[in-house]
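# Remarks on the overall topology
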Amino acid sequence: IRKGLEEYFVNNNVYPAALTDLTTGSAPIVKTMPTDPKNASPFVYTYTPANTNSTYTLTACLENDQDSGASVVAAVAPCTTKTFEVVNGN
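Since this is a predicted model, take the numbers as computed values, not measurements.

What follows is about the overall build of the protein. Counting secondary structure elements, the protein contains one helix and four strands. For the protein, the C-alpha atoms occupy an extent of roughly 40 × 25 × 20 Å along the three principal directions. Intrachain contacts of the protein at a sequence separation of at least 6 include 40% that bridge at least 24 residues. When the accessible surface of the protein is summed, it comes to about 5,700 Å², and 51% of that surface belongs to carbon and sulfur atoms.

Let us look at the state of the cysteines. By the definition in use, this model includes one disulfide. Each sulfur in the disulfide pair Cys61 and Cys79 lies 2.5 Å from the other. Placement of Cys61 in strand E2 (residues 55–62) and of Cys79 in the loop between strand E3 (72–74) and strand E4 (82–89) is noted, with a sequence separation of 18 residues between them. Classification of Cys79 by relative accessible area gives buried; the value is 11%.

Summarising the sheet, strand E1 (residues 46–49) and E2 pair through four bridges and their orientation is antiparallel. Counterpart to Pro49 in the pairing with E2 is Tyr56.

Here we take up unusual backbone geometry. The peptide bond linking Ser41 to Pro42 adopts the cis configuration, its omega dihedral lying at 5 degrees. Looking at the secondary structure, you find Pro42 in the loop between helix H1 (2–12) and E1. The linkage connecting Ala77 with the following residue, Pro78, adopts the cis geometry, with an omega of 10 degrees. Phi at Asn13 takes a positive value of approximately 65 degrees, unusual for a residue other than glycine.

Our focus in this paragraph is the nonpolar core. Among the nonpolar cores identified, the biggest contains 11 residues, and these are Leu5, Tyr8, Phe9, Tyr15, Leu19, Leu22, Val30, Tyr47, Tyr56, Leu58 and Val86. With residues near it in sequence (within four places) discarded, Tyr8 still touches Asn13, Val14, Tyr15, Pro16, Asp21, Leu22 and Ile29.

Before going further, it helps to spend a moment on the packing of aromatic side chains. Per the stated rule, a full pass over the model turns up three aromatic pairs. Judged by centre distance (6.0 Å) and plane angle (45 degrees), the rings of Tyr47 and Tyr56 are tilted. For Tyr47, a relative accessible area of 11% gives the class buried. What makes Tyr56 buried here is its relative accessible area of 1%.

Reading the values: rules and limits
Residues numbered from 1 in each chain as written. Predicted model: local features only at pLDDT ≥ 70, side-chain atom pairs only at ≥ 80, totals over all residues. Heavy atoms only, no water. Helix = DSSP H or I, 4+ residues; strand = E, 2+ residues; numbered from the N terminus. Contact = heavy atoms within 4.5 Å. Areas by Shrake-Rupley, 256 points an atom, 1.4 Å probe, with all protein chains shown as cover. Disulfide = S-S within 2.5 Å. Buried < 20%, exposed > 50% of the residue type's maximum accessible area, 1.4 Å probe, protein only. Pairing = 2+ DSSP bridges. Core = buried A, V, L, I, M, F, W, Y, C linked by side-chain atoms within 4.5 Å. Phe/Tyr/Trp six-rings, centres within 6.5 Å; stacked < 30°, edge-to-face > 60°.

Shown next as structure tokens:
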């Protein structure tokens, strides 16, 4: 998803308003949007563009509250464990 967002930015000089923008049009950047294996709330990937379309946040709920790493943050609702968060700040 992140690679598709960056390619969209290169082509359009803004990030998309929605992830579906990556899969539509005559030449979609992403043919099929990946889904979380559980694919039921709260286990879904969330994309939040900034108002200026110059940055975004990708969020996913982690099943294991023992997971750690540079991109793991405290639980963000509706997660009850930990959240994997990728923030882009161009």
